Amino acid sequence: MAGAAGSGGASSSAVADWSLVFWTLCSVILPVLITLWCSFQRSRRQVLIRDIFRKSKHDWHYTDLFGQPSYCCVCAQHILQGAFCNGCGLRVSEGCLKKADQLFLCKEIMMRSDGGARSSMPHHWIRGNVPLCCCCMICKQQCGTQPKLCDYRCVWCQCTVHDECMMDCLKTEECTFGEFRDLIIPPYYLSTINQMRKDKRASYEKVIVAPYCRKHWMPVIILANTRSGNNMGETLLGEFKILLNPVQVFDLSKIAPAKALQLCTLLPCNAVRVLVCGGDGTVGWVLDAIDEMKIKGQERYIPQVAILPLGTGNDLSNTLGWGAGYAGEVPVEQILRNVMEADGIKLDRWKVQVTNKGYYNLRKPKVFTMNNYFSIGPDALMALNFHAHREKTPSLFSSRIINKAVYFFYGTKDCLVQECKDLNKKVELELDGERIELPNLEGIIVLNIGYWGGGCRLWEGMGDEPYPLARHDDGLLEVVGVHGSFHCAQIQVKLANPVRLGQAHTVRLILKSSKMPMQVDGEPWAQGPCTVTITHKTHALMLYHSGEQTDDDASSVSEQDHVREQTDEDV
């Protein structure tokens, strides 16, 4: 009896143990299987969505959360996530994507040929998801106030109409292209150009400008670098495509500026404006592409360039009145208004030639184009260290604040180490052929523009002593010296003046020994013994925005006015 009872207890204990093991395995394996299944379904769904996006004529983008209350344009249901079109503004749920492609046409960048030339087009109405705080063009009352899919918006002129105010005549009424009619390239213009090119009419631009172009037409081309600074480029691309013809908006990570700027050759001469969304490096890239147009004999199509600063330093943008950085605080509509109202000015561009020393050096000299400044010393060392760090871990440098913090770290480090000391013993400086006796320095900076180092007016310094007037279109460079990183920091907060070495049309700098950091417009490198020669190259046509002036800008207002007066006289 006792043995039977003992064996029964042992077997029940074993069953309990196995049951515990089984349920433990289930509690571990089941969540893993569910996770794997969900991951598989998600990846399968993403493949299907990408396939729909690839085949669609809409410029679809998927979002996990819309920024405002949204309703599917197909099923009219309220949606939190789904796809939106960067061209026409359609918003649909994931399940309605295919049906939306069949039901709705996107913005046409070029009108379909119907056998004859056209100079107008009707409204293109899309129902629902109208902008916040917009008003009906008929009754002037606010649209989009009801919690459902309601009211209409024209994808070209951005006019909105209530459902009850929509009349048959509005569906066929001629679209005026709204507030930004002077910036938009109409689809019928491009279709007419295309037809005339097919007919091999070489002088087509003379034929079409009169009937198809308005008197104050200044078409704008948007060139956005989605990798600049705070990574706002992609959002801006979509917002500009909504307001303009999508053919006017280019992503510089997918197409080179030289190719994008060929659109200028299809537009009226001396009328095009280009808005560069990026840092100073992106602006230099675009200006180089414009110089290529001059080489090709396309001078009459050269555009004027405005800047939306997305980079870290943005000194050129600051000099031209476009601000020290953009973080979405100004709506894109206001940006386009600023581009329309901006004044044309000239910007000097300089050739920087670096010739290595040595009898057996057979390499060609390195040649750079300078818009902002050239430097040798501590600020170039900071840029070189920053550049090396960013090359190793580019994912860390997605914020303007982080970028400036890294610059601050390397500047503080150089204050302690002083890697560039005794620069005056290692270099010789000539301004317009005249040798300059250098005091004890760690750095030399050659300036073309008013701002340097992310917003510092270096040539002015504290502003407590007289200094020669400096402009960015006078064919003169300003040359200053600094005593080190700490001196640079003092100048930036207006606690010290730079060592003003002079102004010149030609600057020659000879590095006699050792290796020193150098930079041109934020592009740094380590350079051995060499001769650096800076000479005038050309002028660039820029746009100056005369917005609200800061205290730092107040001293340069008269300077900018003088520049614009000179430009008007030249014109």
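Our subject is the structure listed above.
Residues numbered from 1 in each chain as written. Predicted model: local features only at pLDDT ≥ 70, side-chain atom pairs only at ≥ 80, totals over all residues. Heavy atoms only, no water.

(A) How the structure looks around the nonpolar core. Of all hydrophobic cores here, the largest spans 99 residues; its most connected members are Trp-60, Leu-223, Phe-240, Leu-244, Leu-261, Leu-275 and Met-542. Setting aside chain neighbours within four positions, we find Phe-240 in contact with Ile-222, Val-249, Leu-275, Cys-277, Val-332, Ile-335 and Leu-336. Judged by nonpolar contacts, the second largest core, of 32 residues, contains Val-354, Cys-420, Val-479 and Leu-511. (Core = buried A, V, L, I, M, F, W, Y, C linked by side-chain atoms within 4.5 Å. Buried < 20%, exposed > 50% of the residue type's maximum accessible area, 1.4 Å probe, protein only. Contact = heavy atoms within 4.5 Å.)

(B) Seen up close, helix 8 (residues 280-295). Its 16 residues place the ends of helix 8 23 Å apart at the C-alpha level, agreeing with the 22 Å of an ideal helix rising 1.5 Å per residue. Positive backbone phi, approximately 80 degrees, marks Gly-297, located one or two places after helix 8. (Helix = DSSP H or I, 4+ residues; strand = E, 2+ residues; numbered from the N terminus. Expected span 1.5 Å × (residues − 1).)

(C) Here's a closer look at helix 6 (residues 233-243). Residues of helix 6 that are buried include every one of Gly-233, Leu-236, Leu-237, Gly-238, Phe-240, Lys-241 and Leu-243, and no others. Looking at the buried side of helix 6, the elements it contacts are strand 9 (220-224), strand 10 (249-251), strand 11 (273-278), strand 12 (304-309) and helix 10 (332-341).

(D) Quick peek at the sheet that holds strand 15 (residues 373-376). Spatially, 20-19-18-15-22-23 is the arrangement adopted by the six strands of the open sheet, whose pairing is antiparallel. Of all the strands in the sheet, just strand 20 (499-504) and strand 23 (523-527) have a single pairing partner and so form its edges. Mean inter-strand twist for the sheet, computed between neighbouring axes without regard to direction, equals 15 degrees. Sheet topology places strand 18 (residues 443-447) next to strand 19 (residues 477-482); five bridges connect them, and they run antiparallel. Bridging across to strand 19, Ile-445 finds its partner in Val-480. (Pairing = 2+ DSSP bridges. Axes fitted to C-alpha atoms, helices over the stretch in contact; angles between N-to-C directions.)

(E) Looking closely at the sheet that holds strand 8 (residues 160-161). Strand order in the open sheet formed by three strands is 6-7-8, with antiparallel pairing between adjacent strands. The two strands at the open ends of the sheet, each matched to only one other strand, are strand 6 (125-127) and strand 8.

(F) How the structure looks around the pairing of strand 18. When you tally the buried positions in strand 18, you get five out of five residues, the bulk of the element. Here strand 18 shows no split at all, with Gly-443, Ile-445 and Leu-447 on one side and Ile-444 and Val-446 on the other all buried. In this sheet, strand 18 lies alongside strand 15 in antiparallel orientation, the contact comprising four bridges. Within strand 18, the position partnered with Tyr-373 by the bridge is Leu-447.

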